[in-house]
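An overview of the molecular structure
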Amino acid sequence: SINNEYYEGAPSTTGANYASKVLEFKEYHKNLQYEIWDTAGEERYRGLAKIFYKDAKIAILVYDVTNRKSFEEIKKYWHEQIKESSSSSISKMILFKYIYI
């Protein structure tokens, strides 16, 4: 989470969730505000997601290493959508989620 806390069993995102955080860089006398939109990956919410990454500077694509289909969706769908619907200067990052039980 944005507050450095992990909630096991947290529900999946439906639609979109928003969070904001300001980081202070004292040595540079600057503050940086992050505005983070967590959009649902489910097919029924895909049309909504484009609204949130249209003007984004960074896209972080997350998949579940225990679910091959979630990785395939990044390759087949999300990467192309971001390329088509966002700025050409957007930075992309792929992360994986693994929960050890």
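Going by the structure above, here's the rest.
The following paragraphs examine the structure supplied in this document. As the structure is a prediction and not an experimental result, all values here were calculated from the model.

Of note, the phi angle at histidine 29 is positive, near 55°, even though the residue is not glycine. Note that histidine 29 resides in the loop between β1 (16-25) and β2 (30-39). Residue histidine 29 is classed as exposed on the basis of its relative accessible area, which comes to 73%.

Attention shifts here to the pairing of β2. Note that β1 and β2 share 10 bridges and pair antiparallel. Note on β2: the bridge partner recorded for alanine 16 is threonine 39. Between the antiparallel neighbours β1 and β2 lie four residues, among them histidine 29 with a positive phi of about 55°.

Our next topic: helix α1 (residues 46-53). Within α1, the full set of buried residues consists of Arg46, Ala49 and Tyr53. For α1, the angular spread of the buried residues around the axis is 40°, confining them to a single face. Facing away from the buried side of α1 by more than 90 degrees, the exposed set consists of Gly47 and Ile51. Where α1 is buried, its residues meet β2 and α2 (68-85).

Glancing now at the pattern of salt bridges. One pass over the structure, following the stated rule, counts three salt bridges. A salt bridge links glutamate 72 to lysine 75; the shortest N-O distance between them is 3.7 Å. In this pair, glutamate 72 and lysine 75 both sit in helix α2, three residues apart, roughly one turn of the helix. Residue lysine 75 is classed as partly exposed on the basis of its relative accessible area of 43%. Here glutamate 80 makes a salt bridge to lysine 83, at a shortest N to O gap of 3.3 Å. Here the residue glutamate 80 and the residue lysine 83 both occupy positions in helix α2, the gap between them amounting to three residues, near one helical turn. Residue glutamate 80 is classed as partly exposed on the basis of its relative accessible area of 29%.

Conventions adopted
- Residues numbered from 1 in each chain as written.
- Predicted model: local features only at pLDDT ≥ 70, side-chain atom pairs only at ≥ 80, totals over all residues.
- Heavy atoms only, no water.
- Helix = DSSP H or I, 4+ residues; strand = E, 2+ residues; numbered from the N terminus.
- Buried < 20%, exposed > 50% of the residue type's maximum accessible area, 1.4 Å probe, protein only.
- Pairing = 2+ DSSP bridges.
- Arc of directions from axis to C-beta.
- Contact = heavy atoms within 4.5 Å.
- Salt bridge = Lys/Arg side-chain N within 4 Å of Asp/Glu carboxyl O.

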